[in-house]
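A structural walkthrough
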Amino acid sequence: MKKTTMRHIVIAAVYCAFALFFIVGVSTGSYCGIGWSEISLLCPLGALLAMISNLTLIPQAVLSVAVAAVLVFVLGRAFCGWVCPVSLWNTITRFFTSKKKRDEHHAELSARDQAIAKAEIAKALQDRDSEVAGSSAADAKPTASAERTDYDAALAESAAGIATEATAAETLPQPTARKFDSRHAVLGGALIASLFAGFPVFCLVCPVGLSFAVIVLLVNLFGAGDVTWSLILAPVVLILEVVFLRKWCSRFCPISGLISLVSRASKTGMPQIDNEKCLESSTGVACSKCATICTYDVNLRHPEYGELPLHDCARCGDCIDTCPAHAISLKLVNAKPEAFKVLASAKEVLRESEKPVQTK
Amino acid sequence: MGEDGRLQEPTRDDTSEPEAKRSDVAGHDTADRDARGRDVADDRDAADHGAEDRDGRGRNAEGRQAKNREPKSSISRRTFVIGVGSTVALLGLGSTKYLGTESLVRPPGGQDQTSLVGTCVHCGRCSEACLYHLIKSAKIENGIMNVRTPYLKFSDNYGGEVDALKYCDFCVESNDGMPRCVEVCPSSALSLEADFDPETMVLGVAELNKDICIAYRGDYCAYCYEACRKVRGDDKSAISYEPGSGGDGAPLPIVDPDVCNGCGACESVCVSTQATSAVDIHTRAITVKPLDV
């Protein structure tokens, strides 16, 4: 089964489990606070907001933040990819978008990522070109040079083509992945607002909390005849957030902002590219499908050009499912990320402008 | 929405009012206008960031050639707009505290309502834990700050079931005297001192509405009286029956507010709504009110 399918099933299962337990009366809680009997854990953001609102240290809240930090250290942003219901709502929203719009959007992203890939490949080739030039000058074996001539010619040709316009370094796009982004700004805003107001303000509009609140409202409507404006307001606010703040996960969510503060230390369970198989590193052909498909706006191949940095990977598996060369796999412990390079063993180096661009 | 993924970012003046982007934070426009005062301070910040930005760009020509992998400025225009917009919106939401909130009958341990509302993370565990299903989530009609905080609802049943009373007994028998709701609350929004005594704990006071109470309207009815005696015992019952000027001299129930602990047995058993002696179907003749109302 594709990882994408699996994770949507897990998200739906968790949501249904919370709903079922609420209806039946098994006291497990919700996304905001989960537990068994007197053992419970809070949402780490809720914990911080509760403590800031009253300016007190709450032991269970502190513990919740600590436990969350440990979980994020081990699993990174996996909550976003495998538990958070907003992921499911986003997928459903995409389902309601017309195929034409989806394809247009995909083509736009694809064009962006391929442009980045081409520039990076050109630069990598140039870097390697200078390396090769340096080593072949020192190399005194005449036999090897014959084999390399064709290859070197192709290299020189592509490098020259770019060099006529500008040096590869100057045509590089601007890196976009930042250490802190708008989610952290929202996080700061949520903390400030709670400090000012004396109650956890963000929890009122948190889409995760609202997702569970909709269940509670429906159960109370049909079980007890409770008719209230909340019944309309909660789903409406949730829908507005999912539809209008459609980049919630990448640009707005303060929970993911909080998670990303710790996930930058996480080096486990992340997808890793096998450079021998990857089309870009092994053949110099621009691909970056992993970047285009990434639900969480990470560019796995060229991480500094993603909207979010590599540590914001939610382990969703979209890149793994989509790689045409099956070059990506989840690694238990990830190696230190190295700079992108085109392997010395690449046999074919095609002029980027000649290679037909294949979109989905 | 602008895409930062484009290769060439057009030069923009970061100090301009981000009007176009307000639509990003849908549905919070009134909050933006209310909290306009804060934007002045933020514009000064914007000027600083703008200067930073220009320095960054100025440096960048050399930076790019030196293989600089850092984005040109530590804060992008979009980050700034979203950050300010969301802070303003959340502050707007937070300022609903000035509207005040309705006082509600809270579960045990939640009588300090300011503390409760400030610490409750709306997880719903207390609601799930209550054996009698007495704890419900407050609605928006109870005030924005109260939304999804727990309160006790005693009238969520059919009245008249004296043998199956629903009331808060602080889980004295079922959980060794430690209220389940307090036990499961993850943020200690519901919290009790270690030496709390279920005998003396007060959740609220029962209040009798003489306009709709059946006994006061001329018919004999003793449900609440029976319920209170059953729960508290004959000697500690908070409801007494006085011979009165009800129809045919029928006795009338009277609540002693000093004795009542707000357990809710009377409200859960009251048959006024079933006997259609009511103004609306939800409010019974005898209801528990919070202490500070």
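Quick note: structure is the one above.
These notes cover the structure that comes with them.

Scoring rules and cut-offs
Residues numbered from 1 in each chain as written. Chains lettered and ligands numbered in written order. Predicted model: local features only at pLDDT ≥ 70, side-chain atom pairs only at ≥ 80, totals over all residues. Heavy atoms only, no water. Helix = DSSP H or I, 4+ residues; strand = E, 2+ residues; numbered from the N terminus. Buried < 20%, exposed > 50% of the residue type's maximum accessible area, 1.4 Å probe, protein only. Contact = heavy atoms within 4.5 Å. Areas by Shrake-Rupley, 256 points an atom, 1.4 Å probe, with all protein chains shown as cover. 1 Å grid on protein atoms, 1.4 Å probe; cavity = no way out; pocket = protein on both sides within 12 Å on 5 of 7 lines; lining within 4 Å. Points joined across faces, edges and corners; volume = space filled by probe spheres on them. Nonpolar A, V, L, I, M, F, W, Y, C, P; charged D, E, K, R; others polar. Buried area = accessible area lost by both parts, 1.4 Å probe. Salt bridge = Lys/Arg side-chain N within 4 Å of Asp/Glu carboxyl O. Patch = residues over 30% accessible without salt bridge, like charges linked within 9 Å, V, L, I, M, F, W, Y side chains within 5 Å. Polar contact = N/O pair within 3.5 Å; in protein donor to acceptor, adjacent residues only side chain to side chain. Axes fitted to C-alpha atoms, helices over the stretch in contact; angles between N-to-C directions. Parallel < 35°, antiparallel > 145°, perpendicular 65-115°, else oblique. Phe/Tyr/Trp six-rings, centres within 6.5 Å; stacked < 30°, edge-to-face > 60°. Lys NZ or Arg CZ within 6 Å of the ring centre and 35° of its normal.

1. Regarding the overall build of chain B
Within chain B one finds eight helices and six strands. Secondary structure elements of chain B occur, N-terminal to C-terminal, as α-α-α-α-α-β-β-α-β-α-β-β-α-β. Counting across all 293 residues of chain B, residues that qualify as buried make up 51%. Sequence-distant contacts, at least 24 apart, represent 68% of the contacts inside chain B between residues at least 6 apart. Working note: accessible area of chain B is about 14,400 Å², and carbon and sulfur atoms make up 49% of it.

2. Regarding the overall build of chain A
Within chain A, the secondary structure is distributed over 17 helices and four strands. When burial is assessed residue by residue, chain A has 51% of its 360 residues classed as buried. A total of about 16,700 Å² of accessible surface is found on chain A, and carbon and sulfur atoms cover 68% of it.

3. Brief notes about the layout of surface pockets
Residue and element names in this part refer to chain A. Taken as a whole, the largest pocket encloses approximately 1,500 Å³ of empty space. Only helix 1 (3-24), helix 5 (85-96), helix 6 (99-138), helix 12 (230-244), helix 13 (248-252), helix 16 (289-293) and helix 17 (318-322) provide two or more residues apiece to the lining of the largest pocket. With eleven residues, the single largest contributor to the lining of the largest pocket is helix 6. In terms of residue class, the lining of the largest pocket is built from 14 nonpolar, 16 polar and 18 charged. Approximately 1,100 Å³ is the volume found for the second largest pocket.

4. Things to note about empty space enclosed by the protein
In the structure shown here, the tally under the stated rule is 17 cavities of 30 Å³ or more. Considering only enclosed or pocket space, the largest cavity measures out at about 210 Å³ in volume. If you trace the largest cavity, you find 25 residues lining it, with His122, Cys123, Gly124, Arg125 and Arg148 of chain B closest to the centre. Listing elements by their share of the lining of the largest cavity, those giving two or more residues are helix 11 (207-224) of chain A together with helix 5 (125-129) and strand 1 (135-137) of chain B. If you tally residues by element for the lining of the largest cavity, the top one is helix 11 of chain A, at four residues. Taken together, the residues of the lining of the largest cavity sort by class into 15 nonpolar, seven polar and three charged.

5. Points about the interface of chain B and chain A
Bring the parts together and some accessible area is lost; that lost area is often taken as the interface size. Each partner contributes residues to the interface: chain B has 68 residues there, and chain A has 82 residues. Both faces combined, the contact of chain B with chain A buries some 6,000 Å², and carbon together with sulfur accounts for 57% of it. Seen at the junction of chain B and chain A, the total is three salt bridges. The salt bridge involving Asp226 of chain A is made with Lys139 of chain B; its shortest N-O contact spans 3.9 Å.

6. Let's talk about a nonpolar patch on the surface
A cluster of nonpolar side chains, contributed by Trp229, Ile232, Val236, Ile239, Leu240, Val243 and Phe244 of chain A, occupies part of the molecular surface with about 670 Å² of accessible area. We classify Leu240 of chain A as partly exposed; its relative accessible area is 33%.

7. As for the pattern of salt bridges
Applying the stated criterion to the full structure yields 16 salt bridges over all chains. Among the ionic pairs, Arg78 of chain B bridges to Glu307 of chain A, the shortest N-O distance being 3.3 Å. Placement of the pair is Arg78 of chain B in helix 3 (residues 77-94) and Glu307 of chain A in the loop between helix 16 and helix 17, with the two residues belonging to separate chains. With respect to burial, Arg78 of chain B and Glu307 of chain A carry one shared label: buried.

8. A word on the side chain of Ser230 of chain A
Looking at the secondary structure, you find Ser230 of chain A in helix 12. One polar contact links the side chain of Ser230 of chain A to the main-chain amide nitrogen of Ile140 of chain B, over a distance of 2.9 Å. Apart from the residues within four sequence positions on either side, Ser230 of chain A is in contact with Leu217 and Pro235 of chain A together with Lys139 and Ile140 of chain B.

9. A word on unusual backbone geometry
All names here are of chain B. Its identity as a non-glycine residue notwithstanding, His133 has a phi of 55°, on the positive side. With respect to the secondary-structure elements, His133 resides in the loop between helix 5 and strand 1. Not every positive phi belongs to a glycine, and Ser188 is a case in point at roughly 55°. Tracing the chain through its elements places Ser188 in the loop between helix 6 (180-184) and strand 3 (205-208). Of the residues examined, Ser188 reaches a relative accessible area of 30% and is grouped as partly exposed.

10. Topic: the packing of helix 9 (residues 182-197) of chain A against helix 14 (residues 254-263) of chain A
Residues and elements named next belong to chain A. The interhelical angle for the contact between helix 9 and helix 14, taken along N-to-C directions, is 110°, at an axis separation of 8 Å. One finds that helix 9 runs roughly perpendicular with respect to helix 14. From helix 9, Arg183, His184, Val186 and Leu187 reach across to helix 14, where they touch Pro254, Ser256, Gly257, Leu258, Ser260 and Leu261.

11. With respect to the packing of aromatic side chains
By the definition in use, this model includes eleven aromatic pairs over all chains. A ring pair is formed by Phe22 of chain A and Phe212 of chain A, whose centres lie 5.8 Å apart and whose planes are at 85°; its orientation type is edge-to-face. Placement of Phe22 of chain A in helix 1 and of Phe212 of chain A in helix 11 is noted, with a sequence separation of 190 residues between them. On the basis of relative accessibility, which here comes to 11%, the residue Phe22 of chain A falls in the buried class. Since its relative accessible area comes to 3%, Phe212 of chain A is described here as buried. Judged by centre distance (6.2 Å) and plane angle (10°), the ring pair of Trp248 of chain A and Phe252 of chain A falls under stacked. Taken as a pair, Trp248 of chain A and Phe252 of chain A lie in helix 13 at a separation of four residues, close to a single helical turn. Counting every residue linked through ring pairs, the aromatic cluster contains Phe18, Phe22, Tyr31 and Phe212 of chain A. We note Arg264 of chain A situated over the ring of Phe180 of chain A; from NZ or CZ to the ring centre the distance is 5.1 Å. Between Lys97 of chain B and the ring centre of Phe196 of chain A, over which it is positioned, the NZ or CZ distance is 5.1 Å.

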